[in-house]
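Below are the chains, spelled out letter by letter.
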Amino acid sequence: MSSELNRGIQTHRETHPLTWRISAAGGPVVDLDRYIALEGFSGLRKALTLDPVDLQKLVKDAGLRGRGGAGFPTGIKWSLIPMGPDAGQKYLICNADEMEPGTFKDRFLMEDLPFQLVEAMVVSAYAIGASVGYIFLRGEYILAAQRLNAAITAAKNNGFLGSNILGSGFSFELHVHEGAGRYICGEETALINCLEGRRANPRTKPPFPQQAGAWGRPTIVNNVETLCNVPDIVLKGAAWFKELSQGRSSDAGTKIYGVSGRVKYPGLWELPIGTTAQEIVDLAGGMQDGLELLTWLPGGASTDFLMPEHLALAMDYDTIGKAGSRMGTGLLMVVDNQQDIVKVVGNLMMFMARESCGWCTPCREGLPWTLKVVRAISDGQGHQGDIEWLQEMTRFLGPGKPFCAHAPGAMEPLQSALKFFRRDFEKGIRVGN
Ligand SMILES: Cc1cc2nc3c(=O)[nH]c(=O)nc-3n(C[C@H](O)[C@H](O)[C@H](O)COP(=O)(O)O)c2cc1C
């Protein structure tokens, strides 16, 4: 599986902060000595000489935005956590649930570079003053769990983790928590409930986790890829990080992009943020012989479809947002001209309906009904008015109506498919009823 990472491009120290070690080592870096030989824990050594609030400012100045899907500025999130001697117990949680269909970037980072995430978490915990951290890991990621646990033990045995890290006086304990496999556990407040041993449903916001998160204490939740950027930002500075996008985007850094679907070489590539979708599909070798690209999702199953003409767009948060979708996780799912788009939507809807946590009525009842109607249309058994009803559901389950962002996300592929492929839906409506 590792060979699917960066197929066709060699990564470099200066320009590929997330993956250069894999190129340099010729494969996964799962040994502590090897990691240290590749500048491992240098970011931590430097971070421990700085003031935590200055570190927060550095991450803010670097313009790092969350890579978990929403693109929220990381430094701003961190600055909202209480600091100072009276702040008390705080937690850092790494969101490694990664159940978004078509998304497999965090898995590679954790399997191939486990020490990088461990280092990133210690640096980030120091910046926010957290003494305990959790990696909330998707249960199916068995190899990642093994490698992370081994990395945690080795880091602890060598003074990079645990009490009085590198003699700095800073202490941090890190645990891997394996989830039982629910998509909703990726939503940060459902994740926190699950971690506490409660039913995994989202919590009301506010209060946000920064104020009252795990066990009611201030908590920062960040994605794996987001965190992995932090040690190098500390080491090389905000200006260096900003320049990584090479003027392709107002966003900073690189992004692990990827492609799934019937392209020649599905895989992952670390590229300047703002690389065009076409360039990413080209790295995947283009479509398999005899197939044409019909439509694509920019970043997982809860983003809107875009069309072939949108491939020219820069893959960044604002550009894809203006085009009517979201960059999400940045892992493209391509649909080809031999696939039935209504079936594709039905398949995504089946996942989303199954994964509703059932906490709020619109989502619990609305998603299965929507699935039923999409399936009927897909089987050629749709009724007059079904398309209009589906459109109404995309509004009823849209942003702000259900309890969390799950159902609105589920509506994104549907609403865009109805916009771009209405005729395909019309073909499934039975005449005369
Ligand atoms: C249904 C749902 C599933 C989510 N799944 C994930 C996930 O698997 N990984 C992730 O990092 N964020 C996921 N998120 C987003 C998180 O709630 C949160 O925004 C993110 O972990 C923040 O990290 P970041 O700021 O570093 O991106 C999900 C959100 C929703 C609504």
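Structure's up top.
Remember, predicted model here, so these are calculated numbers, not experimental data. (Residues numbered from 1 in each chain as written. Predicted model: local features only at pLDDT ≥ 70, side-chain atom pairs only at ≥ 80, totals over all residues.)

J.: I'd like a description of unusual backbone geometry, backed by residues and values.
T.: The residue after lysine 205, namely proline 206, is reached through a cis peptide bond having omega -5 degrees. You can see proline 206 is positioned in the loop between helix H9 (188-195) and strand E4 (219-223). Residue proline 207 follows proline 206 across a cis peptide bond; omega there is 5 degrees. Tracing the chain through its elements places proline 207 in the loop between H9 and E4. Phi at asparagine 164 takes a positive value of approximately 50 degrees, unusual for a residue other than glycine. Following the sequence through the fold, asparagine 164 ends up in the loop between helix H8 (142-157) and strand E3 (173-178). (Helix = DSSP H or I, 4+ residues; strand = E, 2+ residues; numbered from the N terminus.)

J.: Hey, could you go over the sheet that holds strand E5 (residues 254-260) for me, with residue numbers and the actual values?
T.: Ordered by their spatial adjacency, four strands build an open sheet running E6-E5-E8-E7, and the pairing between neighbours is mixed. In this open sheet, the two strands that pair with only one neighbour each are strand E6 (267-272) and strand E7 (293-297). The sheet shows a mean angle of 30 degrees between the axes of neighbouring strands, taken without regard to direction. With six bridges joining them, E5 and E6 adopt antiparallel strand pairing. (Pairing = 2+ DSSP bridges. Axes fitted to C-alpha atoms, helices over the stretch in contact; angles between N-to-C directions.)

J.: Lay out the site of the ligand with the relevant residues and their values.
T.: Looking at the ligand, there are 23 residues lining it, with Gly66, Gly68, Gly186, Asn223 and Thr226 nearest. In terms of residues, the shell around the ligand owes the most to one element, E4, which gives three residues. For the shell around the ligand, the per-class residue count stands at eight nonpolar, nine polar and six charged. (Near = placed C-beta within 6 Å. Nonpolar A, V, L, I, M, F, W, Y, C, P; charged D, E, K, R; others polar.)

J.: Could you give me a rundown of the nonpolar core, with the residues and numbers involved?
T.: Leu117, Val118, Met121, Val122, Ile280 and Leu332 are the most contacted members of the largest nonpolar core, which has 131 residues in total. Tallying contributions element by element places helix H7 (residues 114-128) first for this core, with eleven residues. Sequence-distant contacts of valine 122, that is, excluding residues within four places in its chain, are made with Leu44, Phe160, Leu161, Ile165 and Phe172. (Core = buried A, V, L, I, M, F, W, Y, C linked by C-beta atoms within 7 Å. Buried ≥ 20, exposed ≤ 12 C-beta atoms within 10 Å, placed from the backbone. Contact = placed C-beta atoms within 7 Å.)

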